[in-house]
Amino acid sequence: GRGDAVRGLAVERGVSLFPVLLSACSAVLYRYSGQRRFAVGSLVAGRNVAETERLVGLFANPIALAMEISPSAPFDQLLRRTHRAVLGALDHQEVAFERIVPEVYDTRDPSRNLIFQVLFQLVEIDSGWDLPGLEVEHVQLSSAAAKVDLTLGAINRTDTICIFTNQLREKI
């Protein structure tokens, strides 16, 4: 299916699935916004030190990925740029987001994210969690307040890739 074709493109180009899907989403963002340069946010695990590896909890750190679209360029060029942007952001992931914002902006507007308004996330899901001695149940959660204007994401399952979006319709 199409999911296998997308995975095959990633393997063929020597990149992970993440930059392939981020490139496609960025091309769509360009098409609808007309903006050639923009930042897309993503979350990294934040467990790059041994002391946090065995701790329970969320250690996600937001990173900004600089996207640049050349409308006449082939998709391969966008994919190479995106791959470099992802690697560059991962190289600097230890810099806390809260330290970057004051360096870039004089005043912070708490009603919006100053670095990016779009978040992209790829979630890898296999058949389920196997936690000996625990029963795991999927629970749908709802968030009353969106952190960004648009969340784009993909769920990579063993048999398919599901794309999802969550658009902020009204700022709170």
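To be clear, the structure that these remarks concern was listed above.
Residues numbered from 1 in each chain as written. Predicted model: local features only at pLDDT ≥ 70, side-chain atom pairs only at ≥ 80, totals over all residues. Heavy atoms only, no water.

(A) Quick look at the overall build of the protein. The helix and strand tally for the protein stands at four helices and five strands. Along the protein, helices (α) and strands (β) appear in the sequence α-α-β-β-α-α-β-β-β when read from the amino end. Burial statistics for the protein: of 172 residues in total, 30% are counted as buried. Taking as baseline every contact in the protein between residues at least 6 positions apart, the subset at least 24 positions apart corresponds to 61%. Just so you have it, the protein exposes about 12300 Å², and 53% of that area is on carbon and sulfur atoms. (Helix = DSSP H or I, 4+ residues; strand = E, 2+ residues; numbered from the N terminus. Buried < 20%, exposed > 50% of the residue type's maximum accessible area, 1.4 Å probe, protein only. Contact = heavy atoms within 4.5 Å. Areas by Shrake-Rupley, 256 points an atom, 1.4 Å probe, with all protein chains shown as cover.)

(B) Examining the nonpolar core more closely. The biggest cluster of nonpolar side chains holds 23 residues, and the ones touching the most others in it are Leu22, Val40, Leu65 and Phe120. When contributions to this core are tallied by element, the ones reaching two or more residues are α2 (17-33), β1 (37-44), β2 (61-68), α3 (75-91), β3 (118-124) and β4 (150-156). A total of six residues in this core trace back to one element, the largest contributor, which is α2. The residues contacting phenylalanine 120, other than those within four sequence positions of it, are Phe18, Leu21, Leu22, Cys25, Val40, Gly41, Ser42, Leu152 and Gly153. (Core = buried A, V, L, I, M, F, W, Y, C linked by side-chain atoms within 4.5 Å.)

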